[in-house]
Amino acid sequence: MILAYIKRLPLSVRHTFHYDLRAAMLFGVFGGFFFPFMLIVGRKIGATDTEIALISAAPYISNAFALLWAEDIFGKGRVWYVVWPNALGRAVLLGMFFIAAPVSYTVLIFIYMVVTAIAFPSYAFIMKANYPDNLRAALMSYVRIATALLWIASSALGGWFLEKDTFNFRYIFPLAGVFGVLSALQFGKIRVRREKVRRVMPLPFKALSLPLRDRPFLFFVLAYSLFEFALLLAMPVYQLVLVDEAGISNMAAGIYGSVFSGMWLIGFFLWGRFLDGLELKWSVAAISLTGCLVPLIYLLSRNIWALGAAAGVAGFLFASTELAAYIVITRLASHEDVPRYMAAAIAIGALRGATAPFIGTAIYSSIGPSPVFALSLLTGLLAAIVSLRIRKESLKNP
């Protein structure tokens, strides 16, 4: 059924989908070997609460630089900004072979996050340019389903390998980096339709000015910011509780990664249809309420099976967060303005990411994890309420 659907696509769309899919499969191996273990391994080799918060915040802090990459400042074309920063950033993980101390571990991950953040605005531009509006959600969902399938297998394998010795991360993380570099190079075979390659000087404040005058975009950012603040507040604390209180094994962490990815896969099927079919306010409300389930589970239980269920809910949730911004922004913005909107959204997200994880771990260090989970739950509920108060005529899912 899916193959027949793909064969009916225009040739240029099939070309993009083919290499996007191949890159996604390689990224699935990369992600499964690395991301489920990134925080847990850090804690087990001695990372402090602050270092765990910094690793959690790193993707968002590094995204503050996204404004610099809203324009094609080198005149290389948008694919270049996706391929080479991703290839270089993932190659940095080869340095894990030499890492033993938590400080150097944290620094290396931070460097990886800063370099790969360059890609995000240009990736959104390519999705807007090469995938038609009426097909984009479905095609991006299929690509991420391929990622999830490979992620499931590789996270289980990575957990088995790390179970033998936590310091085996010095082998598994560099191997992940190799697959990540190969993924970036596959994406480099995509050609952008109707692209005029020219050098444009970076104008960070100008990049923000247009999106911030767009009322629908501001409503989306307000509601989504509350939701993501709630999510990031508790994110590092989940990992601290898993290691410090639940005593999770590396094998169990790998299984959690597989559960996360399996629900991530299901989420792409369901959220792709959901985001296309409803007004944005209902979509954001549904995402926020789903996010509330994770801190609720952690409030009620430390049972390893219950926390595994929370990992499944998180996977289903993250499928929505990955699709939502790309789908909404590529429809709110014109073809040329997509990188500016994406850069603005990412930069605003950097403010949340640079504060929430540190607040969460500070509360955890002072009075324990339950107040963090309660605050995350309440903030998520507030996000759902705020999203429902968005005026119908102002925000519709385009």
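(A) Region of the structure containing the pattern of salt bridges. Scanning all chains against the criterion turns up four salt bridges. In this structure, Arg43 and Asp49 form a salt bridge, with 2.8 Å as the shortest nitrogen-oxygen distance. This pair shows no difference in class: Arg43 is buried, exactly as Asp49 is. Judged by relative accessible area, Arg43 falls into the buried class, the value being 18%. What emerges from the salt-bridge pattern is a single network uniting Arg43, Asp49 and Asp244.

(B) Quick look at empty space enclosed by the protein. For the structure on display, the rule yields two cavities of 30 Å³ or more. In this model, the second largest cavity occupies a volume close to 60 Å³. Lining the second largest cavity, in full, are Phe227, Ala230, Leu231, Tyr238, Ser288, Gly291, Cys292, Pro295, Ser376 and Gly380. Going through the elements one at a time, helix H11 (215–244), helix H13 (280–300) and helix H17 (370–388) are the ones with two or more residues in the lining of the second largest cavity. In terms of residue class, the lining of the second largest cavity is built from six nonpolar, four polar and no charged.

(C) Region of interest: the packing of aromatic side chains. Inspection of the entire model under this criterion finds 26 aromatic pairs. Ring geometry for Phe30 and Phe35: centres 5.7 Å apart, planes at 85°, overall edge-to-face. By relative accessible area, Phe30 is classed as buried at 0%. Taking 5.4 Å as the distance between ring centres and 15° as the angle between the ring planes, the aromatic pair formed by Tyr238 and Phe373 counts as stacked. With a gap of 135 residues between them, Tyr238 in helix H11 and Phe373 in helix H17 connect regions that are remote in the sequence. The lysine or arginine in question, Arg90, covers the ring of Phe30, its NZ or CZ lying 5.3 Å from the ring centre.

(D) Looking closely at the packing of helix H16 (residues 356–367) against H17. At a closest axis distance of 8 Å, the pairing of H16 and H17 adopts a crossing angle of 140°. As far as their axial angle goes, H17 and H16 are oblique. Between H16 and H17, the residues in contact are Gly360, Ile363, Tyr364 and Ile367 and Pro371, Val372 and Leu375, respectively.

(E) Main features of a nonpolar patch on the surface. Where nonpolar side chains cluster on the molecular surface, the patch consists of Trp84, Leu94, Leu175, Val178, Leu182 and Leu185 and spans about 500 Å² of accessible area. In terms of residue count, the dominant contributor to the nonpolar patch is helix H9 (residues 169–187) (four residues). On the secondary structure map, Leu94 appears in the loop between helix H5 (78–91) and helix H6 (102–116).

(F) Local environment of the packing of helix H7 (residues 120–130) against helix H8 (residues 136–164). Relative to each other, H7 and H8 sit at 125°, their axes nearing to 10 Å. Here H7 is positioned oblique relative to H8, judged by the angle of their axes. Read as a crossing pair, H7 and H8 show a hand that is right-handed. In this structure, H7 uses Tyr123, Met127 and Lys128 to contact H8, whose residues at the interface are Arg136, Met140 and Arg144. Among the residues forming the contact of H7 with H8, the class breakdown is three nonpolar, no polar and three charged.

(G) View of the nonpolar core. One finds Phe34, Met96, Tyr105, Phe169, Phe173 and Tyr298 to be the most contacted residues of the largest nonpolar core, which totals 84 residues. Of the residues forming this core, the biggest block, 17 residues, is contributed by H11. Contact partners of Phe34, with chain neighbours within four places excluded, come to Leu93, Ile109, Tyr112, Phe173 and Ala176. Ranked by size, the runner-up nonpolar core spans 22 residues in total, among them Ala24, Val79, Phe125 and Val143.

(H) Region of interest: H5. Taking 1.5 Å per residue as the helical rise, H5 with its 14 residues ought to reach 20 Å, and the 20 Å between its terminal C-alpha atoms agrees with that figure. Burial within H5 is extensive, with 10 of its 14 residues counted as buried. When we look at burial in H5, the residues that qualify are Arg78, Val79, Tyr81, Val82, Val83, Pro85, Asn86, Ala87, Gly89 and Arg90.

(I) Structural detail: the confidence of the model for the chain. This prediction gives the chain a mean pLDDT of 83; 82% of its residues lie at or above 70. Within the chain, H9 carries the highest mean pLDDT (96), whereas helix H1 (residues 2–7) carries the lowest (62). For residues 392–398, every residue scores under 50 in pLDDT, and the model assigns this stretch 21 contacts once sequence neighbours within four places are set aside.

The rules behind these values
- Residues numbered from 1 in each chain as written.
- Predicted model: local features only at pLDDT ≥ 70, side-chain atom pairs only at ≥ 80, totals over all residues.
- Heavy atoms only, no water.
- Salt bridge = Lys/Arg side-chain N within 4 Å of Asp/Glu carboxyl O.
- Buried < 20%, exposed > 50% of the residue type's maximum accessible area, 1.4 Å probe, protein only.
- 1 Å grid on protein atoms, 1.4 Å probe; cavity = no way out; pocket = protein on both sides within 12 Å on 5 of 7 lines; lining within 4 Å.
- Points joined across faces, edges and corners; volume = space filled by probe spheres on them.
- Helix = DSSP H or I, 4+ residues; strand = E, 2+ residues; numbered from the N terminus.
- Nonpolar A, V, L, I, M, F, W, Y, C, P; charged D, E, K, R; others polar.
- Phe/Tyr/Trp six-rings, centres within 6.5 Å; stacked < 30°, edge-to-face > 60°.
- Lys NZ or Arg CZ within 6 Å of the ring centre and 35° of its normal.
- Axes fitted to C-alpha atoms, helices over the stretch in contact; angles between N-to-C directions.
- Parallel < 35°, antiparallel > 145°, perpendicular 65-115°, else oblique.
- Contact = heavy atoms within 4.5 Å.
- Patch = residues over 30% accessible without salt bridge, like charges linked within 9 Å, V, L, I, M, F, W, Y side chains within 5 Å.
- Areas by Shrake-Rupley, 256 points an atom, 1.4 Å probe, with all protein chains shown as cover.
- Left-handed = near helix turned anticlockwise from the far one by under 90°.
- Core = buried A, V, L, I, M, F, W, Y, C linked by side-chain atoms within 4.5 Å.
- Expected span 1.5 Å × (residues − 1).
- pLDDT = per-residue confidence, 0-100.

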